[in-house]
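Next come the chains, spelled out residue by residue.
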Amino acid sequence: MTPSVTSKSLRFSFSIAPSHSQSNLFPIISLPNPNFHLFRQLPLLKPISAVQSNFLVPEVQKTQTFPATNGPNFPAVKLPPDTGAIVVDRATESELKENGFRSTRRTKIVCTIGPQTCGFDELEALAIGGMNVARINMCHGTREWHRQVIERVRRLNEEKGFGVAMMMDTEGSEIHMGDLGGATSAKAEDGQIWTFTVRTLGLNCPERTITVNYDGFAEDMKVGDELLVDGGMVRFVVTEKIGPDVICYCTDPGMLLPRANLTFWRDGSLVRERNAMLPTISSKEISFLIVMTLRFDREARKLDGGLTPKETLHEASRNLIDLLAFDISWILHDWLDIDFGIAEGVDFIAVSFVKSAEVIKHLKSYIAARSPKNDIAVIAKLESIDSLSNLEEIILASDGAMVARGDMGAQIPLEQVPSVQGNIVQLCKQLNKPVIVASQLLESMVEYPIPTRAEVADVSEAVGQQADALMLSGESAMGHYPEKALAVLRSVSLRIERWLREKRHSTLEVPISSSVCIGIPEEMCNAAVKMANKLEADALFVYTKTGHMASLLSRNRPDCPVFAFTPNSSVRRRLNLRWGLIPFCLSFSDDMESNLKRTFSLLKARGMINSGDLIIVVSDLLQSIQVINVP
Ligand SMILES: Nc1ncnc2c1ncn2[C@@H]1O[C@H](COP(=O)(O)OP(=O)(O)O)[C@@H](O)[C@H]1O
Ligand SMILES: C=C(OP(=O)(O)O)C(=O)O
Ligand SMILES: [K+]
Ligand SMILES: [Mg+2]
């Protein structure tokens, strides 16, 4: 595997073999063009410091502020330490008590946290409203900003008794616009002329200028190309190129948002040289590369005498440093974010623009080496056109998948998105991986308090497909009605789930079969679900250390909810993404009899089960299925 890093702007490419590859212990830089001295003449080389201010330290450019926390208004309800007690998410507990087992929500909800929802109060409101997973998108905000969100979610869980999991979504090497000079949005009108530039915004920029984060942008665009903002929400056609400026004519008007993603098309197909790449190279390997380059430079300096080839070598090394700084900063971003996510102990890392299973495998071994407890799940975001030809391999390598319809809709024709969504959801269920349906589910609710009928139908479709989770993006990050949007997802899920259960009984549809992997745990879980459906059990109980048995029950999409008991709090948080699972933290012993007794008495004391309820119990301790009436 030799990932290649391409600097289009320099019309030059070199490849880097990561140090773990079998054939090479050290990174190899292969330069196709021996005329290094030519590079100096190219216009886009930047000194390292300039590069750093653009890429390595993007925080400098971002000016986001946090609403202050209302510290004193929050009574710190410190829960007792988990010794013998049972811990469940507070919102789920009230839902169970109010509505009874059968009517709890099965479809999970992921909310993207942004300026509208990053305060402690707002986060708490989302947790009360049923948010199962909070997502931060590393495309926006600074690491410090994200750190505060993570800290607040953790505090919410500890002090207020919620069990919200944390997902970090990587940026991917997408091309996006700059910050709009501080404005929150800008309206592009039909027929208007806009300038997209790689220059920094300044006085000499024409009116309606937008910066672009990719230095090769002006070189790569051609007159006649189509430029799509935010997956096609606003469209432009390139009419002229003037040095670093690309002059565009607006063909589809709309709202431009800061740092919106850009794709460009030529002759009806996507030009995707550079917008779909997470290179399989780590920050350590890159650091090594930098050290090697600096040594190369030092050796070149030692060569006195001024022979032309040596001067050339020196010149080349200087250029190489510039070049590496440029390209490395581009690709390093995701790896620095991944290191950040591991250090902060997030529960999920969602990888943007995955093209192959290799990226996922590499990231999983990277995480395994740094997080020995192996408690971060990797979610493959399916949005790049290249991912669609090897979906099964990618999904198998991952711990879950996201149908990232926003960017997907910019890479394949829109009318193909629904069938691709259906196929991915089906495939994930077969392969026993949780799947999230994301983007524009309730897009109009960014501005309005009521969704459109079409949006409600779209949500219903995803719930009907029995996707594990639905995701809010702008609706919860920067919209005017985050809690209302969450309430719509909740109520539509509940209603459609109930309707499906009623329908299933009239058509006697059987749960999905275990055609893909058949082993004792799979067979046991399939049988337990069948039994629970036939006997109209009130709940399935599963005692699980790793969460695997619980996932196998969820995969069958049973009629009743599954109470999953695990001693491990990070397993509990990861199970939040699984359809129909209610994860509890509970320490248990090898003695199932006493585990059950204890669980029944703890749950009865909290009013979460009643005498006479019919429970089907599965455990990965004993290979048994028990049918029990709560005493
Ligand atoms: N941390 C953040 N800071 C500021 N704005 C954010 C943040 N996260 C999300 N947003 C806003 O919400 C919008 C939708 O979020 P999302 O779908 O995650 O991002 P995008 O569509 O830009 O990839 C973003 O375009 C951005 O305007
Ligand atoms: C979820 C998506 O990714 P992001 O919001 O990071 O662009 C998407 O493209 O649909
Ligand atoms: K992202
Ligand atoms: Mg995307």
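Rules used in this analysis
- Residues numbered from 1 in each chain as written.
- Chains lettered and ligands numbered in written order.
- Predicted model: local features only at pLDDT ≥ 70, side-chain atom pairs only at ≥ 80, totals over all residues.
- Heavy atoms only, no water.
- Near = heavy atom within 4 Å.
- Polar contact = N/O pair within 3.5 Å; in protein donor to acceptor, adjacent residues only side chain to side chain.
- Areas by Shrake-Rupley, 256 points an atom, 1.4 Å probe, with all protein chains shown as cover.
- Helix = DSSP H or I, 4+ residues; strand = E, 2+ residues; numbered from the N terminus.
- Nonpolar A, V, L, I, M, F, W, Y, C, P; charged D, E, K, R; others polar.
- Axes fitted to C-alpha atoms, helices over the stretch in contact; angles between N-to-C directions.
- Parallel < 35°, antiparallel > 145°, perpendicular 65-115°, else oblique.
- Left-handed = near helix turned anticlockwise from the far one by under 90°.
- Contact = heavy atoms within 4.5 Å.
- Donors = N, O, S within 2.8 Å, 3.2 Å for Na, K, Ca; no water.
- Buried < 20%, exposed > 50% of the residue type's maximum accessible area, 1.4 Å probe, protein only.
- Pairing = 2+ DSSP bridges.
- Phe/Tyr/Trp six-rings, centres within 6.5 Å; stacked < 30°, edge-to-face > 60°.
- Salt bridge = Lys/Arg side-chain N within 4 Å of Asp/Glu carboxyl O.
- Domains from an automatic or database assignment.
- Buried area = accessible area lost by both parts, 1.4 Å probe.
- UniProt positions renumbered as here; feature names shortened; annotations may be inferred.
- Right-handed = clockwise from strand over helix to strand, strands pointing away.
- Disulfide = S-S within 2.5 Å.

Enquirer: Please clarify how the site of ligand 2 should be interpreted in this entry.
Expert: Taken together, Arg135, Asn137, Lys381, Glu383, Met402, Ala404, Arg405, Gly406, Asp407, Ser439 and Met471 are the residues near ligand 2. A distance of 3.2 Å is found between an oxygen atom of ligand 2 and a side-chain nitrogen or oxygen belonging to Arg135. A distance of 3.4 Å is found between an oxygen atom of ligand 2 and a backbone nitrogen or oxygen belonging to Ala404. For ligand 2, whose unbound accessible area comes to 290 Å², protein coverage reaches 88%. For the shell around ligand 2, the secondary structure elements donating two or more residues are strand 5 (133-137), strand 19 (400-404) and helix 10 (405-411). The biggest single contributor to the shell around ligand 2 is helix 10, with three residues. When the residues that make up the shell around ligand 2 are grouped by side-chain class, the tally is three nonpolar, three polar and five charged.

Enquirer: Hey, could you run me through the packing of helix 15 (residues 520-535) against helix 16 (residues 548-555) in this one?
Expert: A pair of packed helices is characterised by two quantities: the angle between their axes and the separation of those axes. In the contact formed by helix 15 and helix 16, the axes pass within 9 Å of each other and the chain directions differ by 45°. One way to sum up the angle between helix 15 and helix 16 is to call them oblique. At the point where helix 15 passes helix 16, the crossing takes the right-handed sense. Contact residues: Pro521, Glu522, Met524, Cys525, Ala528 and Val529 in helix 15; His548, Met549, Leu552, Leu553 and Arg555 in helix 16. Tallied by class, residues from the contact of helix 15 with helix 16 come to eight nonpolar, one polar and two charged.

Enquirer: Can you help me understand the coordination of the magnesium ion (ligand 4) in this one?
Expert: As a benchmark, a tetrahedral metal site with four donors has ideal angles of 109.5 degrees, while an octahedral site with six donors has ideal angles of 90 or 180 degrees. Protein ligation of the magnesium ion (ligand 4) involves Glu383 (OE) and Asp407 (OD), the donor distances falling in the range 1.9 to 2.1 Å. Between the magnesium ion (ligand 4) and the potassium ion (ligand 3), the interatomic distance is 5.4 Å. Note that Glu383 is positioned in the loop between strand 18 (377-382) and helix 9 (391-397) and Asp407 in helix 10, a separation of 24 residues in sequence. With relative accessibility at 2%, the residue Glu383 sits in the buried group. Given the relative accessible area of 13%, Asp407 is considered buried.

Enquirer: What's the story with the sheet that holds strand 23 (residues 562-566) in this structure? I'm lost.
Expert: Strand pairing within a sheet occurs via backbone hydrogen bonds; the two strands may be parallel or antiparallel. On the basis of which strands lie adjacent, the open sheet formed by six strands has the order 3-24-23-22-25-26 and mixed pairing. Edge positions in the open sheet fall to strand 3 (87-88) and strand 26 (624-629), since each of these has one partner strand only. Of the pairings in the sheet, the one linking strand 22 (residues 539-543) to strand 25 (residues 614-619) comprises five bridges and is parallel in character. Paired with Phe541 across the two strands is Val617, which belongs to strand 25. The sheet strands contacting helix 15 are strand 22, strand 25 and strand 26, and the helix crosses strand 25 at an angle near 180°.

Enquirer: Explanation requested: the coordination of the potassium ion (ligand 3) in the structure shown.
Expert: Asn137 (OD1), Asp169 (OD) and Thr170 (O) make up the full set of protein donors to the potassium ion (ligand 3), lying at 2.7 to 3.0 Å. When the donor residues of the potassium ion (ligand 3) are listed from N- to C-terminus, their spacing reads N-x31-D-T.

Enquirer: Sorry if this is basic, but what is going on with the packing of aromatic side chains here?
Expert: In this description, a pair of aromatic rings is defined by centroid distance and the angle of the planes. All chains considered together, the criterion is met by eleven aromatic pairs. Where Tyr543 meets Phe588, the ring centres are 5.5 Å apart and the plane angle is 90°; that geometry is what we call edge-to-face. Note that Tyr543 is positioned in strand 22 and Phe588 in the loop between strand 24 (581-585) and helix 18 (592-605), a separation of 45 residues in sequence. Overall, Tyr543 belongs to the buried group, its relative accessible area being 0%. The class for Phe588 is buried, based on a relative accessible area of 14%.

Enquirer: Explain the pattern of salt bridges here, please?
Expert: Pairing of side chains with opposite charge becomes possible as their charged atoms draw close. Applying the stated criterion to the full structure yields 25 salt bridges. Here Arg135 makes a salt bridge to Asp169, at a shortest N to O gap of 2.7 Å. Of this pair, Arg135 sits in strand 5 while Asp169 sits in strand 6 (residues 165-169); the two residues are 34 residues apart in sequence, bridging distant segments of the chain. Residue classification places Arg135 among the buried positions, given a relative accessible area of 5%. Residue Asp169 is classed as buried on the basis of its relative accessible area of 0%. Between Arg147 and Glu344 there is a salt bridge whose closest N-O contact spans 2.8 Å. In this pair, Arg147 sits in helix 4 (residues 143-160) while Glu344 sits in helix 7 (residues 308-344), placing the two residues 197 residues apart along the sequence. Judged by relative accessible area, Glu344 falls into the buried class, the value being 15%. Among the ionic contacts, a cluster of salt bridges with common partners joins Arg135, Asp169, Lys381 and Glu383.

Enquirer: Would you mind going over the domain arrangement of the protein chain with me for this structure?
Expert: Along its sequence, the protein chain is organised into domain 1 (4-62 + 279-333), domain 2 (91-168 + 440-506), domain 3 (175-271) and domain 4 (520-629). Contacts between domain 2 and domain 3 engage four residues on the former and four residues on the latter. Of the roughly 320 Å² buried between domain 2 and domain 3, counting both surfaces, carbon and sulfur atoms make up 55%. Taken together, domain 2 and domain 3 are joined by zero salt bridges. Across the domain 2-domain 3 interface, the total number found is one residue pair in polar contact (both at pLDDT 80 or more). Partitioning the side of domain 2 that touches domain 3 into residue classes produces two nonpolar, two polar and no charged.

Enquirer: What is the right way to read the UniProt feature "domain: Pyruvate kinase barrel" (unreviewed entry) in the protein chain from this model?
Expert: Per the UniProt annotation, the sites labelled "domain: Pyruvate kinase barrel" (unreviewed entry) are residues 105-259 and 334-485. Here residues 334-485 is 48% helix and 15% strand, with 30 Å between the C-alpha atoms at its ends.

Enquirer: Mind showing me how you'd approach the pairing of strand 23 here?
Expert: By the criterion of burial, strand 23 is predominantly enclosed, with five of the five residues buried. Pairing of strand 22 with strand 23, which is carried by four bridges, proceeds in the parallel orientation. By the bridge assignment, Phe541 is partnered in strand 23 with Phe563. Alignment of strand 23 against strand 24, held across five bridges, turns out to be parallel. Considered in strand 24, the bridge of Ala564 is made with Pro583. Each parallel crossover has a hand, and for strand 23 linked through helix 17 (residues 569-574) to strand 24 it is right-handed.

Enquirer: Which parts of the structure should I look at to understand the state of the cysteines?
Expert: Disulfides are covalent bonds that link the sulfur atoms of two cysteine residues. With the rule as written, the count across this model stands at zero disulfides. Of all cysteine sulfurs in the structure, the one in Cys248 sits closest to Cys205, which takes part in no disulfide; the separation is 14 Å.

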